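Each chain, written out:
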Amino acid sequence: MHAIQVAEPGGTEALAWTEVDDPVAGVGTLVVELAAAGVNYIDTYHRSGLYPVPLPFVVGVEGAGVVVEVGAEVDGFAVGDEVAWTSNLGSYAERVVVAARNAVRLPDGVSSDLGAAVMLQGLTAHFLACSTFPLEPGHRCLIHAGAGGVGLLLIQIAKMRGAEVFTTVGTAEKGELAAAAGADHVINYREEDFGDAVERIAGARPLDVIYDGVGADTFDRGLEVLRPRGMMATFGNASGPVPPLAPLRLSTGGSLFLTRPTLADHTATRDEFERRAEDLFAWLAAGDLDVRIGARFPLADARSAHEALQGRSTTGKVLLIP
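Rules of the game
Residues numbered from 1 in each chain as written. Predicted model: local features only at pLDDT ≥ 70, side-chain atom pairs only at ≥ 80, totals over all residues. Heavy atoms only, no water. Phe/Tyr/Trp six-rings, centres within 6.5 Å; stacked < 30°, edge-to-face > 60°. Pairing = 2+ DSSP bridges. Helix = DSSP H or I, 4+ residues; strand = E, 2+ residues; numbered from the N terminus. Buried < 20%, exposed > 50% of the residue type's maximum accessible area, 1.4 Å probe, protein only. Salt bridge = Lys/Arg side-chain N within 4 Å of Asp/Glu carboxyl O. 1 Å grid on protein atoms, 1.4 Å probe; cavity = no way out; pocket = protein on both sides within 12 Å on 5 of 7 lines; lining within 4 Å. Points joined across faces, edges and corners; volume = space filled by probe spheres on them. Nonpolar A, V, L, I, M, F, W, Y, C, P; charged D, E, K, R; others polar.

Turning our eyes to something else, we now look at the packing of aromatic side chains. Taken as a whole, this structure holds 2 aromatic pairs when the rule is applied. Here a set of aromatic residues connected by ring pairs shows up, and it is made of Y41, Y45 and Y51.

Working definition: the strands of a sheet are paired by backbone hydrogen bonds and lie parallel or antiparallel to each other. As summarised here, the arrangement of the 3 strands in space is β2-β1-β4, forming an open sheet in which the pairing is antiparallel. The open sheet has two edge strands, β2 (16–19) and β4 (57–58), and neither has a second partner. As defined by bridge partners, strand β1 (residues 2–6) adjoins β2 across 4 bridges and the pair is classed as antiparallel. Counted as the bridge partner of A3 is T18 from β2.

In this section: the pairing of β1. Inspection of the sheet shows β1 paired to β4 by 2 bridges, in the antiparallel sense. By the bridge assignment, V6 is partnered in β4 with F57.

Tracing the sequence through the fold places V186 in strand β11 (residues 185–188). For V186, a relative accessible area of 33% translates into the label partly exposed. For the pair V186 and T315, spaced 129 residues apart in the sequence, the C-alpha separation amounts to 15 Å.

Evaluated as defined, the whole model comprises 13 salt bridges. Within the structure, one salt-bridge network assembled from shared partners comprises D193, D196, R221 and E224.

To continue, consider the layout of surface pockets. By volume, the largest pocket is sized at about 1,100 Å³. Residue classes in the lining of the largest pocket are distributed as 24 nonpolar, 20 polar and 5 charged. Volume-wise, the second largest pocket comes out at about 210 Å³. Breaking the lining of the second largest pocket down by element, the ones donating at least two residues are β8 (103–105) and α9 (270–286). Sort the elements by how many residues they give to the lining of the second largest pocket and α9 lands first, with 5 residues. Residue classes in the lining of the second largest pocket are distributed as 6 nonpolar, 1 polar and 5 charged.

What follows is the structure, encoded as structure tokens:
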């Protein structure tokens, strides 16, 4: 079988379509025939070496497919089950060894493509809006990259929870997608400083929380438009990692809160993982949550998928199809 492997960290040229041994299920794991793999920014961090992993490695942490082998000490899964998973390195492969604790069975009506599209970004949006800063009616939040995979889902969950949503986008087309997802105020950051736009709409320092997956380019300006005791939740590095910050900066900004949350810490137990996934599937079934699949690429052409994602030319979810 084949997989996308990285032998040395680097740019997209490091992604190699490589013949590898067929996997075998071990204790606590499944072997899954891949139907779709999700493409995420964390994949680019692994590829580049920003987040180091042992070399060589197969890229990808998210996907969906059909179980073809069940390992020892695994309960609740059987050969033939359609499953989706996240937080499982090695997912850009025709067959994937998946830790059973990281997988869920797909309910009726949820396709493999949809399952692969919603796990990592949907669970991320869920913990941000429901746990990191639990939104309530009357809260004002800013969501950067509102037409991205996390952004579109986070806008919808924020509106379900009653928040007033500001969001940033880079094109008019992306702005239309963010508005259709429910954003109250869409700001094109290429045309206007996002901080100026927020304060023009809502007054000085109006935001309760900023959900920032962009990183270096937006972090400092964001701190300036948070209310006293507001929260900056920086959860991604699309423009590069945020430089080190002196705690005194938070004090002078009005006793601000800063957090760098991760999905792993918000799905640390099986119960929490299942609860968040069940919420997502229930919202999908009820029609309350729409998942946009913006692009599909052949698994063998993962390079093009990474180039599109990092070039900010994509909207919604990007999938790799074997």
